Structure formats: C-alpha cells, structure tokens
Amino acid sequence: MGKVAAKIKVMPNSPEIDLDALQERLESSLPEGAKINGVEREEVAFGLVALYPTVIVPDGAGGTETVEENFTGVDGVESVAVENVGRI
C-alpha cells in the first residue's frame, strides 16, 4: 500500500488566532497513520492567514476524508478544503 500527500487549506475563524497553537491542535487531531510534512502560511486578506499543511496518509479507503473531518472539528478552524492530492 502506498501513501498519499494532500495539501489542505485551513482557514482560521479569526485573524487573532495564534497560528502556532492552531498548527499544534491540527497535528494532535490527525488520525493514526497520518502525519504533517510541512506547513505553509499565506496571507488571505486583512490580516487573515491561511495554513496549508501537507498531510501524508496511507493510500486506503477514505483517503483524506478522516483528516478533513478531524481538522474541521479543531477549535479555531473556520473551513477546510483539499487543494492538491497526489501519490508518493
């Protein structure tokens, strides 16, 4: 079984969110077998910065669905969207 890399856009619900703390909460919410392999930050507008973690998950049933659901449930997250997916 291979692995899949997914770049996921995570929008915080406020510009006042501590992005380092949010990143730690995202990492701790990952399902078993998944890991974050780097996080990019991009200013969206008016001080709001989106996080773009690249998540490595096993290539199995469900793909990134569990990661997306877990990220959506993290405190401080407004929205989650998969930007790019590829096998590694």
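As shown above, the structure is provided for reference.
Rules used in this analysis
Residues numbered from 1 in each chain as written. Predicted model: local features only at pLDDT ≥ 70, side-chain atom pairs only at ≥ 80, totals over all residues. Heavy atoms only, no water. Helix = DSSP H or I, 4+ residues; strand = E, 2+ residues; numbered from the N terminus. Rg over C-alpha atoms; globule rule 2.2 N^0.38 Å. Buried < 20%, exposed > 50% of the residue type's maximum accessible area, 1.4 Å probe, protein only. Contact = heavy atoms within 4.5 Å. Areas by Shrake-Rupley, 256 points an atom, 1.4 Å probe, with all protein chains shown as cover. Polar contact = N/O pair within 3.5 Å; in protein donor to acceptor, adjacent residues only side chain to side chain. Pairing = 2+ DSSP bridges. Axes fitted to C-alpha atoms, helices over the stretch in contact; angles between N-to-C directions. Arc of directions from axis to C-beta.

A. Highlighting the overall build of the protein. The helix and strand tally for the protein stands at 2 helices and 4 strands. Computed over C-alpha atoms, the radius of gyration of the protein comes to 13 Å, within 12% of the 12 Å expected from 2.2 N^0.38 for 88 residues, which places it in the range of a compact globule. The buried share among the 88 residues of the protein stands at 36%. For the protein, long-range pairs separated by at least 24 residues make up 69% of all intrachain contacts whose partners lie at least 6 apart in sequence. Carbon and sulfur atoms make up 44% of the accessible area of the protein, which amounts to about 5200 Å² in all.

B. Summary view of the side chain of Ser14. Within the secondary structure layout, Ser14 lies in the loop between β1 (3-12) and α1 (19-28). With a relative accessible area of 18%, Ser14 lands in the buried category. There is a polar contact of 2.6 Å between the side chain of Ser14 and the side chain of Glu16.

C. Spotlight on the pairing of strand β2 (residues 35-45). Relative to strand β3 (residues 48-58), β2 runs antiparallel, the two being bridged by 8 bridges. Residue pairing in the sheet places Val39 in a bridge with Pro53 of β3.

D. Here's a closer look at the sheet that holds strand β4 (residues 77-87). Spatially, 4 strands are ordered β2-β3-β1-β4 in an open sheet, and the strand pairing comes out antiparallel. In this open sheet, the two strands that pair with only one neighbour each are β2 and β4. Recorded for the sheet is a direction-independent mean angle of 25° between the axes of neighbouring strands.

E. How the structure looks around α1. Of the positions making up α1, those classed as buried are Leu19, Leu22, Gln23 and Leu26. Projected down its long axis, α1 carries its buried residues within an arc of 100°, all on one side. For α1, exposure combined with an orientation more than 90 degrees from the buried face picks out Glu24 and Ser28. In this structure, the buried residues of α1 make contact with β1, β2, β3, α2 (65-72) and β4. Of the residues that open α1, the one with a side-chain oxygen 3.1 Å from the backbone nitrogen of Asp20 is Asp18.

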